[in-house]
Structures are given as C-alpha cells and as structure tokens.
Amino acid sequence: MARFRTVSDRSLSLWQSAVTETVQKQAGVREPVKTDAEEKETEETEKPIQQCLVEGSCLFTTEQNLILSALGIQVKQEQNTAGNEGTAQGSVEDRHEDKAERKTESSAGVTAGEERADRHMGDRKVSADEASEGVETEAVMASPNTGDAVLNLPDTASDMGQASRLMFEAALAKAEGSEEEALRLMREARKYSTGDLAGWLSCITTYLEYDARYDAPYYRDWKLDGRDIDTYGVISHVLPGDAKVGLIGDWATGMPDARELIACILDQDVDAVIHLGDTYYSGTPEECRRNFKEVFDEVFAKTGKPRIPVYSIPGNHDYYAFGYGFYQEILDEINRGEPEWKQEASYFCLRTEDGAWQFLGMDTGRNDYSPYNGINPTYDGPWLEESEVEWHRDKLANFKGSTLLLSHHQLFSQHSAIQGWGAQRPWLNEHLEAAFSPFFDRIACWFWGHEHNLCLFRDGLMGLAKGRLVGCSAYEETSGKDPYAPYRDDYAEHVPYREEMPRVSQTDGYYNHAFAILDFKREAKEDPITCAYYEFPSWGSNAPEKRGAKLLMREFIHSKHFNV
C-alpha cells in the first residue's frame, strides 16, 4: 500500500526543523533570561526537553492540533519554495566526527583502575539530572545534500531516528486541508512505533546529552580489565541437556503486548530467555528499568512461574545513553538473586550441561551508538571491539560442541543496506563476516534482530549454515511498508529467503510480533535440536480477545560437532 510519498531532501529537512522548533516550544524551552525574577520563574516552570519527551506530554495530548498546524505550515511553505537552494540544517560531519577515531583514542588511553572508573560508570549511577546538567540539546537530524535526488520515506525511516512517517503524513494532510485524514493518521501512531514522534526525537536528545558528557560509551573489556579469557563472560549456570530457551528481539518497549508475549513464552516452561537487544528508546536507566527489568519482575509475579535466567545483548538503542542503563539496570540487576546466572559483560557464553551446545552472544551495539549513523552515507555497519573478536574466537576454537551465534545487528540483509556508499556488497556486514567466517563450520545457526521482522534466509548462504532474523517481538511496525520487500532487486538475488518461509501477518495497520523457542530435547547428543517460530498479536490500547501465540513453523538445527 503506497501510503507514504516521495519527498525532496529539503522537505524532510524542513520537517525535522519544524519538529525541533515545535518540541522546544511545547517543552517550554526559552532563551536565557536576565532578571532574578525571570530566572526563578524559569526554574519553576521550564521542563527539560528530554523529560518532556519521555513523558510524552508535550505532543500527544491537547497540543496535537497546534503541532500539526505548525508542521503543516512548514510543509506548505516548503512546497511553495521547493526550487530554492540550500537546506535548513548543516551537515552531520560538522557536528559529529568519525566515532571510530574517538573510540580508538579513548580505548588506547584507558587502563583498568581509577581512570577507567572516572571516564565511565564504575560503581556510580548517573541520575537524569546529572546527565542533563549544563547540556544544550539540539533535536535536529541533518540530511545529506544530494542535489536533485529524492528521499523515499519508507526506505529511510528506520530505528536510527528518521522520525514519524505517520506524523509527517498527518502534517501533509493538514497542510492540504484534510482534517479527517490528519486525525486518522495521528490516531494510528502508537507509542513505540514509526509514528511515535516524541520517542524517536528522544533518541537524538538523549544521545546529545550523553555525548556531551562522556568520551565513549561504557563497555566491559576483559583485556583492559586484566580478566582471564578462559572464564570471563562464561555463565557459571549451565542449561539442562533437554532445555527450552525463549528467543526474543527488539522487545523492550514495556507495552502491554510485550508483557503478554513474555507471559506466553513462560507458559511454554522455558529454562531461560535471551533478548537480542534494543531497549526503547535510548536505553536510559529509567527505560531499562521500566521496559525491561520491571516487566520481567511483574510477569514472573503475575504468572506465578519460578524465576529463570534472563540474558540480553545490546542493540544500538541500548547505547544511545552510552550503555549506562543497559549495564546498571539489565546486566547487573535482572539476575541479581542468583549469582550463578550473572552475565558479566555485554557478550556472553552460555552452555548446556552435556557439552553439546553453546550460545555466544556478541555486542554489536557498542559501535552503533550514534543515531546519526542512520543518515551517514559512509557508515559501514557496526563492528566488534578487537578484544571481543579474540574472545569469541577463543570460545569457538576451544568448544567441542555446536555454537548458536547471537547478535543484534544482521550479518546480511535483503531489506536494508548495511554498508555505505561504494560498497561492493552493501547487503553484508563485512566486519562480522571477517570475524566469524573462519568458524562457520562450527556455527549451526546465527540469530539476529535489528530489523523489525521475522525472516528465514536460505540455508548455506555465504557459507553460513542458517541465518535467522527474529527482530519483531514487540516494536510496533506499521504496515505502510512491506518489511519483506528487497532494498533493491539485486538484494533479493544475493540474499534470498528460504522457500516457503512463514511471514507475520497484519492487524489494524500494524505487523504482528514473533518469537522463537529452541528445544534441546533429543535422543542423542549429535541429534538436531528444534526451533519453533511463533506469531503473537500486536495491539496498542485495546487488547484483542484472543491473545495466544500461533505456531508458524518448526525446523531442525543440525549439530556442527567436530569432537564431542
């Protein structure tokens, strides 16, 4: 369904500027005042942008019509002046230099001890007031200057900050005098969806706050910390030989359907749950607590099910707040009551007691912590820290069973461009391929998220036994764009799906969710395990009467034993 239009770069730029101005006005952001009385009044009445955005009070209440009017005026003005040169905003490069250089310089100068603790979190928690103290936030997203090129909103709107396709369409409808259509589009825009303007903007404002305060995201490096590669990151707890493990991706919204999905997984008597990353919107301590930890606490209490270990790897959204929420509220809290379940780092190794299988979870979010990467044409996909690559290779080389590899970001994609301009194979993350392809003979399946969909790629693709996308466990993906459509025709040729692949269905303008259950019960160690894929309904404020999971398909994952 062709709901969204093709617009010029200038149109999107003006739209983003209008959003920025409108949010600042609604949030009460004013120029500095001079008198003592005015300063006192400002302290009492002014809300920081970030607080207003998180609460969602400045956009989706009685102010909606004013906001749409402002956006409509901006769009109409742009339509009347489309031939003018220039853009409303400067380039990304002027404000944000290559983060890879900063990362290298930062890591080189940090050693285990006081300096590392000072630069990062240590044992101290950073409050929201501390994080925003003295920080000027600027909620703008610059678009590349591509001359006469056009920008197709469905293709560029992603979880990197191309905010609110539905709200943009609502502004267009408002500008054209279609009040009824504008209202319909706004009502369709659920929280934690492509239409959640306030949420997407909070990614930018949160990132700018933490970027001004810290040189680099927090990260636990076994090598810099002087830890033993043989034991660090290896979970002490081992899974039963006949374990069942729930697998979810892009799940942590805290929405009612996300909570019900976890309850549904627990009903299948799983022995552990693993999340493939993304705590929305920015992985702040509050978001990680509210949308991840407290959801599990509530579901365990409500269902009466005994607690089981929960593990997670970070996505890009977990790092927009530089990882502080992810480490504080997820890694260090979710399994606190059971020391053997503890996950020390953002990468982990979890094994079965029979020594036949291991999960290896990696941290691809660490080097995708800027929302500006989504509009940087030279960004070539995330990579792992060199020490982490060494850690993973050690686990692959020395384990005598089969490996299930886990990441947030894709190894390859039919639907998205992973590498930047000029890449020979833009559908492939060549950093990850270089790191793991020497061990493809030991990797039985690689699961990832990031794209909000469920996809089973052709077995044996690029030498990998199986590549599976499980990235739609709670994020509210609108149906205006087909998530199964190839980015370009050649993407379908190079990254084909498996024949007779199940596809998630739609409900009320949104795609439904999905998750997987891995079942290790089998007759002998060398026998294959089973992976079942389920669809789960998506909803906003009105829950459907039937909320159970629907089995889409089961498949065998054959062992890659080389010396059990």
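Whatever comes next refers back to the structure up there.
Overview of the structure. (Residues numbered from 1 in each chain as written. Predicted model: local features only at pLDDT ≥ 70, side-chain atom pairs only at ≥ 80, totals over all residues. Heavy atoms only, no water.)

1. Let's talk about the overall build of the protein
What counts here: Numbering of helices and strands starts at the N terminus; helices are DSSP runs of H or I of at least 4 residues and strands are runs of E of at least 2. Exposure is judged per residue with a 1.4 Å probe applied to protein chains only, and the accessible area is read against the type maximum: over 50% gives exposed, under 20% gives buried, and values in between give partly exposed. Residues are treated as being in contact if the distance between any of their heavy atoms lies within 4.5 Å. Residue burial considers only the protein chains on display, and all accessible areas are found by Shrake-Rupley using a 1.4 Å probe.
When helices and strands are tallied, the protein shows 18 helices and 16 strands. Within the protein, buried positions represent 58% of all 564 residues. Look at the contacts in the protein between residues 6 or more apart in sequence, and 78% of them connect residues 24 or more apart. Of the accessible surface of the protein, which amounts to about 23,100 Å², a share of 46% is contributed by carbon and sulfur atoms.

2. With respect to the pattern of salt bridges
For the record, the criterion: Salt bridge criterion: a side-chain nitrogen from Lys or Arg within 4 Å of a carboxyl oxygen from Asp or Glu.
Applying the stated criterion to the full structure yields 22 salt bridges. A salt bridge links Glu 390 to Lys 223; the shortest N-O distance between them is 2.7 Å. Here Glu 390, found in helix α16 (residues 386-398), pairs with Lys 223, found in the loop between α12 (197-213) and β3 (244-248); they are 167 residues apart in sequence, far enough to count as distant. Residue Glu 390 is classed as partly exposed on the basis of its relative accessible area, which comes to 34%. Here Arg 498 ties to Glu 555 by a salt bridge, and the two come within 2.8 Å at their closest N and O atoms. Pair noted here: Arg 498 is in the loop between α18 (489-494) and β12 (506-507) and Glu 555 is in strand β16 (residues 550-557), with a separation of 57 residues, a long-range link. The exposure class assigned to Arg 498 is partly exposed, which follows from its relative accessible area of 27%. Salt bridges sharing partners connect three or more residues here, namely Asp 459, Lys 466, Arg 468, Arg 498 and Glu 555.

3. What about the sheet that holds strand β10 (residues 454-456)?
Filter applied, for reference: When DSSP finds two or more bridges between a pair of strands, those strands are recorded as paired. Lines fitted to C-alpha atoms define the axes here, with helix axes fitted over just the stretch in contact, and angles between the N-to-C directions of these axes take values from 0 to 180 degrees.
Here we have six strands laid out as an open sheet, ordered β6-β7-β8-β9-β11-β10, and mixed in their pairing. Two strands bound the open sheet, and with one partner strand each, they are β6 (348-351) and β10. Pairwise comparison of adjacent strand axes, ignoring direction, gives a mean angle of 20° for this sheet. Taken together, the four bridges between strand β8 (residues 402-406) and strand β9 (residues 443-448) define a ladder with parallel strand orientation. Bridge pairing links Leu 405 to Trp 446 in β9.

4. Notes on the packing of helix α13 (residues 256-266) against helix α14 (residues 285-303)
Our working rule: Comment on the angle field: the value is read as roughly parallel under 35 degrees, roughly antiparallel over 145, roughly perpendicular from 65 to 115, and oblique elsewhere. Put simply, a crossing is left-handed when the front helix is turned counterclockwise from the back one by less than a right angle, and right-handed when it is turned clockwise. Here the nonpolar group is Ala, Val, Leu, Ile, Met, Phe, Trp, Tyr, Cys and Pro; Asp, Glu, Lys and Arg are the charged ones; every other residue, Gly included, is treated as polar.
The contact between α13 and α14 brings their axes to 10 Å, and the two run at 50°. Relative to α14, the element α13 is oriented oblique. α13 and α14 meet at a crossing whose hand is right-handed. Across from Arg 259, Glu 260, Ile 262, Ala 263 and Leu 266 in α13, the residues of α14 making contact are Arg 290, Val 295, Phe 296, Glu 298, Val 299, Phe 300, Lys 302 and Thr 303. Of the residues that constitute the contact of α13 with α14, the class distribution is seven nonpolar, one polar and five charged.

5. Regarding the nonpolar core
Convention followed: Buried residues of nine kinds, namely Ala, Val, Leu, Ile, Met, Phe, Trp, Tyr and Cys, make up a nonpolar core once their side-chain atoms join them within 4.5 Å.
With 119 residues, the main nonpolar core has Trp 251, Phe 359, Leu 404, Phe 436, Trp 446, Phe 447 and Ile 557 as its most contacted residues. For this core, the element with the most residues is α13, which contributes seven residues. What Phe 447 contacts, discounting residues up to four positions off in sequence, is Leu 247, Leu 276, Leu 404, Leu 405, Leu 406, Ser 407, Arg 468, Val 470, Leu 518, Cys 531, Tyr 533 and Ile 557. Ranked by size, the runner-up nonpolar core spans eight residues in total, among them Cys 203, Tyr 281, Tyr 320 and Tyr 475.

6. Observations regarding unusual backbone geometry
A cis amide bond links Tyr 280 with the next residue in sequence, Tyr 281, at an omega value of 0°. By secondary structure assignment, the location of Tyr 281 is in the loop between β4 (272-275) and α14. A positive phi is found at Met 462, a non-glycine position, where the angle reads about 60°. Note on placement: Met 462 falls in the loop between β10 and β11 (467-470). Positive phi, close to 55°, is recorded for Asp 508, a residue that is not glycine.

7. Considerations on the sheet that holds β16
Taken in spatial order, the six strands make up an open sheet running β5-β4-β3-β14-β15-β16, and their pairing is mixed. Pairing within the sheet leaves two strands with one partner each, and these edge strands are β5 (310-312) and β16. The sheet shows a mean angle of 20° between the axes of neighbouring strands, taken without regard to direction. Each of β3, β4, β14 (513-519) and β15 (529-536) is contacted by α13, which is oriented at about 20° to β14, the strand it contacts most.

8. Quick word on α14
Using the following cut-off: How far a helix is expected to stretch is found by multiplying one less than its residue total by 1.5 Å. Note on bend: at a given residue it equals the angle between the axes fitted to the 7 residues ending there and to the 7 starting there.
Taking 1.5 Å of rise per residue, 19 residues should cover 27 Å, and α14 covers 26 Å from first to last C-alpha, within 8% of that figure. By the largest-angle criterion, Glu 294 marks the main kink of α14, which is about 35°. Turning to α14, its buried residues are Pro 285, Glu 287, Cys 288, Asn 291, Phe 292, Lys 293, Val 295, Phe 296, Val 299 and Phe 300. Downstream of α14 by one or two residues, Gly 304 has phi in the positive range, about 75°.

9. Description of the side chain of His 275
As a reminder of what qualifies: For this analysis, a polar contact is any N or O atom pair within 3.5 Å, provided that within protein one partner can donate a hydrogen and the other can accept it, and provided that sequence-adjacent residues contribute only side-chain to side-chain pairs.
Within the secondary structure, His 275 is located in strand β4. According to the relative accessible area criterion, His 275 is buried, its value standing at 1%. From its side chain, His 275 meets the backbone nitrogen of Asp 250 in a polar contact 3.5 Å long. Residue contacts for His 275: discarding those within four places in its chain leaves Ile 248, Gly 249, Asp 250, Trp 251, Ala 252, Phe 292, Tyr 311, Ser 312 and Ile 313.

10. Focus on the pairing of β8
Among the five residues that make up β8, five are buried, leaving the element largely enclosed by the rest of the structure. By the alternation rule, side chains of β8 split into Ser 402, Leu 404 and Leu 406 and Thr 403 and Leu 405, which are all buried. Pairing of strand β7 (residues 357-361) with β8 involves five bridges; the strand directions are parallel. Bridging from a neighbouring strand, Trp 357 pairs with Ser 402 of β8.

11. Focus on the packing of aromatic side chains
Selection rule: Paired rings are identified among Phe, Tyr and Trp, the last through its six-membered ring, by centres lying within 6.5 Å, and are further divided according to the angle between planes into stacked (under 30 degrees), edge-to-face (over 60) and tilted (the rest).
Taken as a whole, this structure holds 36 aromatic pairs when the rule is applied. Between the aromatic rings of Tyr 379 and Trp 383, the centroid separation amounts to 6.4 Å while the plane-to-plane angle is 45°, which identifies the pairing as tilted. Considered together, Tyr 379 and Trp 383 belong to a single accessibility category, that of buried residues. In textbook terms, an aromatic cluster arises when at least three aromatic residues are bridged by ring pairs, as seen for Tyr 207, Tyr 210, Tyr 214, Tyr 218, Phe 322, Tyr 324, Phe 326, Tyr 327, Tyr 369 and Tyr 372.

Spatial relationships are all this shows, so hold off on functional conclusions.
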